[in-house]
Amino acid sequence: MNTTTNEVTFREQCRDLCKDDIMIFARTYFPRYMGTNPCDFHRELCDLLQEMSKARGRKLAVAAPRGNAKSTFVSLIYVLWSVCYDREKYILILSDTNDQADGLLKHVK
């Protein structure tokens, strides 16, 4: 399959836009998780994760009701954004049980 210069340029532009913005990364590469308009909670969570990625050793605790996509953002989108843009050398996924952690890791794989 031949790739045109426009396609390569478009891909490079997408990568560059997503590099510093988790929300753009999420909307570009995970549109089925995002819906049409992200809610304020998701925007705030992305901002907190971006700030946390700049400060080593910083911790973040997020509380929200079930079904608010906390795991999707923190254990999938943030992890993949961190890997794709070389933000973290090692990533540890912890959960209440091994089965939950395995399930989260399967989504990343």
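Everything below is about the structure printed above this text.
Residues numbered from 1 in each chain as written. Predicted model: local features only at pLDDT ≥ 70, side-chain atom pairs only at ≥ 80, totals over all residues. Heavy atoms only, no water.

**Student:** Tell me what's going on with helix α5 (residues 70–84), and back it up with residues and numbers.
**Tutor:** Along an α-helix, residues three or four apart share an orientation, since each turn contains 3.6 residues. Under the 1.5 Å per step criterion, the end-to-end length of α5 is 20 Å for 15 residues, consistent within 8% with the ideal 21 Å. At Y78, α5 shows its maximal bend, which comes to roughly 30 degrees. By the burial criterion, the buried members of α5 are F73, S75, L76, I77, Y78, V79, L80, W81 and S82. Check the buried side of α5 and you find it contacts α1 (5–19), α2 (22–29), α3 (31–34), α4 (40–54) and α6 (98–108). Once α5 ends, the next one or two residues include D86, with phi positive near 55 degrees. (Helix = DSSP H or I, 4+ residues; strand = E, 2+ residues; numbered from the N terminus. Expected span 1.5 Å × (residues − 1). Bend = angle between axes of the 7 residues up to and from the residue. Buried < 20%, exposed > 50% of the residue type's maximum accessible area, 1.4 Å probe, protein only. Contact = heavy atoms within 4.5 Å.)

**Student:** Go over the packing of aromatic side chains, please, and point to the residues and values.
**Tutor:** Scanning all chains against the criterion turns up four aromatic pairs. Through a chain of ring-to-ring contacts, three or more aromatic side chains come together here, namely F25, Y29, F30 and Y85. (Phe/Tyr/Trp six-rings, centres within 6.5 Å; stacked < 30°, edge-to-face > 60°.)

**Student:** So what's going on with the pattern of salt bridges? Residues and values would help.
**Tutor:** All chains considered together, the criterion is met by two salt bridges. A salt bridge links R87 to D20, with the nearest nitrogen and oxygen atoms 3.1 Å apart. With R87 in the loop between α5 and α6 and D20 in the loop between α1 and α2, this residue pair connects regions lying 67 residues apart in the sequence. A salt bridge links K54 to E51, with the nearest nitrogen and oxygen atoms 3.4 Å apart. Note that K54 and E51 are positioned in helix α4 at a spacing of three residues, about one turn of the helix. (Salt bridge = Lys/Arg side-chain N within 4 Å of Asp/Glu carboxyl O.)

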